Amino acid sequence: MKIIVCCIFLIVNISDNGNASMESFAPSSSNVLFEDSTKTSDKCYRPCKFNVKPKRCYYNFKIEPTLDEDGKPEITVNGLSPGPPINVCVNDVIVVDVTNKIPDEFIAIHWHGVEQKGTPYMDGVPMVTQCPIGYGTTYKYAFIASSPGTFFYHSDSVSQQSDGVYGSLIVNQPQPLEPHASLYDFDRSAENTLIVAAKFSKLLTGVLEDLKDLRPTSLAINGDEESFKLFVMPGYAYRLRLINAIAIECPIIAHVDKDEMFIIAADGKPVKPALAKNIQLYPGERIDVVVRATQKNGGHWLKVSGRGACAGLEAKAMLLYMGFNYTSMLQNNPTNSPQQDDSDSDIIVSGEMLESEQPVPETPNFNIKQVYLSIDRNVVKDKKSDHDFKYISDAIPKKPFFPAPFSLRQQGVVQINGKSFLYPNTPILLKPKEVRRDMICKVEEESRHKEPQCIHVLNALEGEIVEIVLINEGVVSNDSYTFHMHGYSMEVVGTWQDPSRKPLSRSRFIQLEQQGKISRNLQYPPIKDTVIVPNRGYTIVRIRPDRGGSWLFECRSCSLSSLPTAVIITVPQSIPKAVLDSLPICGNYRPPDILLN
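Conventions we followed
Residues numbered from 1 in each chain as written. Predicted model: local features only at pLDDT ≥ 70, side-chain atom pairs only at ≥ 80, totals over all residues. Heavy atoms only, no water. Pairing = 2+ DSSP bridges. Helix = DSSP H or I, 4+ residues; strand = E, 2+ residues; numbered from the N terminus. Contact = heavy atoms within 4.5 Å. Axes fitted to C-alpha atoms, helices over the stretch in contact; angles between N-to-C directions. Phe/Tyr/Trp six-rings, centres within 6.5 Å; stacked < 30°, edge-to-face > 60°. Lys NZ or Arg CZ within 6 Å of the ring centre and 35° of its normal. Disulfide = S-S within 2.5 Å. Buried < 20%, exposed > 50% of the residue type's maximum accessible area, 1.4 Å probe, protein only. Salt bridge = Lys/Arg side-chain N within 4 Å of Asp/Glu carboxyl O. Polar contact = N/O pair within 3.5 Å; in protein donor to acceptor, adjacent residues only side chain to side chain. pLDDT = per-residue confidence, 0-100. Core = buried A, V, L, I, M, F, W, Y, C linked by side-chain atoms within 4.5 Å.

**Points about the sheet that holds strand S34 (residues 537–543)**
Where strands meet in a sheet, backbone hydrogen bonds hold them as pairs that are either parallel or antiparallel. Across the sheet, 6 strands lie side by side as S25-S22-S29-S34-S31-S32; this open sheet has mixed pairing. Here the strands that pair on one side only, and so sit at the sheet edges, are strand S25 (413–416) and strand S32 (527–528). In this sheet, S32 lies alongside strand S31 (residues 490–497) in antiparallel orientation, the contact comprising 2 bridges. Paired with Met490 across the strands is Lys528, a residue of S32. Helix-sheet contacts for helix H5 (residues 506–514) involve strand S22 (368–378), strand S29 (465–472), S31 and S34, and the interaxial angle to S22 is about 140 degrees.

Shown next, in the form of structure tokens:
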């Protein structure tokens, strides 16, 4: 009888919370996010409970250049790198005042993985969803933490993120709503979040030369290379949140000595639990794992090793049992990596190999809009007389426009369907009618646009299913590319790399499709916002546009040594005038391409 009463009480609480969570606290007016409707609290990190009014969580970020403990320059958030962690409960309102103190630089902060439901203008992409934040000015971000999960924030600029502008953002929910809560005893997101970054020998921000050959000098976990500490008790299981916050193409492999890990979430979405010894995270990916402290005492290492541009680098954290003197671990610091220890024969598990916790809705074929994005590094033929560092504006004559990187990058630039991305002359989400129409090219209609660089747009409608086939041709490049989807989660229904290592074209993919050789996981695909497209292979994703906005789908690492590689997915959206009037305007802002790349 007691069990039945408890179950009824739990169901009532969940039902009440479901009804109250969003309807009761949804914005009642267009500018509610800019008004103080709840009590201010500095204690947003707390146990999340049912039927409790969400908090309004305030943060002030001052971003400026500093020197680290070794005297090396870096860019920090409030003097920290990683920046201050954000830990809130689902449905809390997050308000962040960002002040730019980087001389002669513009900045914008992207909230990686946050879907920005109802606030597409808070996504943090310069000249797409907002005006850039100029030196000495402050920009107010305000949005609802509408979905639980592991996220992080970072500068939209790859260089600024690499120099230190990043931090964790965790959205918790009441424990009974966690699908895998029975697998662990402790979920201490403030203490057990591990955010991995790469460090460089010099600041990347403001460097104009090609950075493709610049390699990181070290990896760090929560800013520490080998002595970050996790304290555990024997016999208990802990939820750890792993974040790859590296902006360049640096996959990492995480491994815990003497223990196994259960993967329970990827990119903030629950998955079917999967046992793994080695877990691979690509840039921007997050994976939540459960580790049980199976030893009686002592301590052992959680190790992260780099691949790609970070090959040969490693960072370590200590998994320590209460009361253990860890001095001996530091004195006997092992140098072996996950590939060299007793886990050598184990499979490396990545996010795209997982299955979603729940099946996705069935989709009739007639409601699917399929588009192809072919990716490769191309050498663009141009003349020196066409080169220009200035941004395209109405003052420039209408002629083929070839930015200087086309000639400076002798190995070519990464393009989608033969086009490089061009940032709009005004934020396309806020003032779409003021965007130069002659600079827009639509996906799969690129041949109509004469310039090699354009505002690359994919138009979509609410309610339709968009299947995007990402084809990494590999004719010129041997690289794999990581893509991040802003605003929406993606169903990763298929991925494959040609074992024969032959270049893969769109026509060959269609031929394989007709031969029935393209398989799709349509029932339990992992739900992610960051995916890898293997060289000479493909990745197929599906998105379900359920709200309007202008959402960037980008290869972030591609822009470090090239022009931007991205597509804007536009879904019709009407933003209230009151909101538009409350947002900063760009004025006569016309940045050179190099500042946006």
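Once you've had a look at it, read on.
**Digging into the packing of aromatic side chains**
Applying the stated rule across the entire model yields 14 aromatic pairs. By way of ring pairs, the aromatic residues Tyr59, Phe61, Trp111, Tyr139, Tyr141, Phe143 and Tyr153 are connected into one cluster. One Lys or Arg, Arg188, reaches over the ring of Phe186 and ends 5.5 Å from the middle of that ring. Lying across the ring of Tyr524, Lys272 places its NZ or CZ 3.6 Å from the centre.

**Some words on the state of the cysteines**
In the structure shown here, the tally under the stated rule is 6 disulfides. Sulfur-sulfur distance for the disulfide between Cys250 and Cys310 comes to 2.1 Å. Taking the torsion about the S-S bond as the criterion, the Cys250 to Cys310 disulfide, at about 85 degrees, is right-handed. Placement of the pair is Cys250 in the loop between strand S13 (237–244) and strand S14 (252–256) and Cys310 in the loop between strand S19 (299–306) and strand S20 (314–321), with a sequence separation of 60 residues. Note on Cys310: relative accessible area 0%, which makes it buried. Disulfide pairing places Cys555 opposite Cys558 at an S-S distance of 2.0 Å. Across the S-S bond linking Cys555 and Cys558, the dihedral sits near 70 degrees, which makes this disulfide right-handed. Across the pair, exposure class does not vary: Cys555 and Cys558 are buried alike. Assigning the bonded cysteines of the protein chain consecutive numbers by sequence position, one obtains the connectivity 1-3, 2-4, 5-12, 6-7, 8-9, 10-11.

**A few points about the environment of Leu583**
Tracing the backbone shows Leu583 in the loop between helix H6 (577–582) and helix H7 (593–596). In this structure Leu583 comes out as buried when scored by relative accessible area, which is 8%.

**Some points on the pattern of salt bridges**
Taken as a whole and judged by the stated rule, the model has 31 salt bridges. Across the salt bridge formed by Asp479 and Arg377, the nearest N and O atoms sit 3.7 Å from each other. You can see Asp479 sitting in the loop between S29 and strand S30 (481–485) and its partner Arg377 sitting in strand S22, a full 102 residues away along the chain. Take Arg377: its relative accessible area is 10%, and that puts it in the buried class. The partner of Arg508 in a salt bridge is Asp498, with the nearest N and O atoms 2.7 Å apart. With a gap of 10 residues between them, Arg508 in helix H5 and Asp498 in the loop between S31 and H5 connect regions that are remote in the sequence. Arg508 sits in the partly exposed class, given a relative accessible area of 21%.

**Thoughts on the pairing of S34**
Burial within S34 is extensive, with 7 of its 7 residues counted as buried. In S34, alternate side chains face the same way, and those of Gly537, Thr539, Val541 and Ile543 on one face and Tyr538, Ile540 and Arg542 on the other are all buried. Across 7 bridges, S29 lies against S34 in antiparallel orientation. Residue pairing across strands places Asn472 opposite Gly537, the latter belonging to S34. As paired elements, S31 and S34 share 6 bridges and run antiparallel to each other. In the strand pairing of S34, Thr495 is matched with Thr539.

**Some details on the environment of Ser157**
Looking at the element boundaries, Ser157 is found in the loop between strand S8 (149–155) and helix H2 (158–162). Given a relative accessible area of 25%, Ser157 falls into the partly exposed group. When the C-alpha atoms of Ser157 and Ile107 are compared, they prove to be 7.1 Å apart, with 50 residues separating the residues in sequence. Within the local environment of Ser157, its side chain forms a polar contact with the backbone nitrogen of Gln160, the two atoms lying 3.2 Å apart.

**Focus: the sheet that holds strand S4 (residues 86–89)**
The strand order S4-S9-S8-S6 describes an open sheet built from 4 strands, whose pairing is mixed. Of all the strands in the sheet, the pair left with one neighbour each is S4 and strand S6 (109–112). With strand direction ignored, the average angle separating the axes of adjacent strands in the sheet is 20 degrees. With 4 bridges joining them, S6 and S8 adopt antiparallel strand pairing. Paired with His112 across the bridge in S8 is Phe152.

**Some details on unusual backbone geometry**
Going from Ser81 to Pro82, the amide bond is cis rather than trans, its omega being 5 degrees. Its location among the elements puts Pro82 in the loop between strand S3 (73–77) and S4. Residue Asn78 is not a glycine yet carries a positive backbone phi of 55 degrees. Inspection of the secondary structure assignment puts Asn78 in the loop between S3 and S4. If you check the backbone angles, Met127 has positive phi at about 65 degrees while not being a glycine. Mapped onto the elements of the fold, Met127 is located in the loop between S6 and strand S7 (138–144).

**As for the confidence of the model for the protein chain**
Across the protein chain, the average pLDDT comes to 85, with 82% of residues at 70 or higher. Confidence drops under pLDDT 50 across residues 393–397; counting only partners more than four residues distant or on other chains, this segment forms 4 contacts. Segment residues 592–597: pLDDT under 50, and 21 contacts once partners within four positions in sequence are set aside and those in other chains are kept.

**A word on the nonpolar core**
Residues Leu219, Ile246, Ile263, Ile279, Val289, Leu302 and Val304 are the most contacted members of the largest nonpolar core, which totals 43 residues. The element best represented in this core is S20, accounting for 4 residues. When residues no more than four places from it in sequence are discounted, the contact partners of Val289 are Tyr238, Arg239, Leu240, Leu242, Met261, Phe262, Ile263, Ile264 and Ile279.

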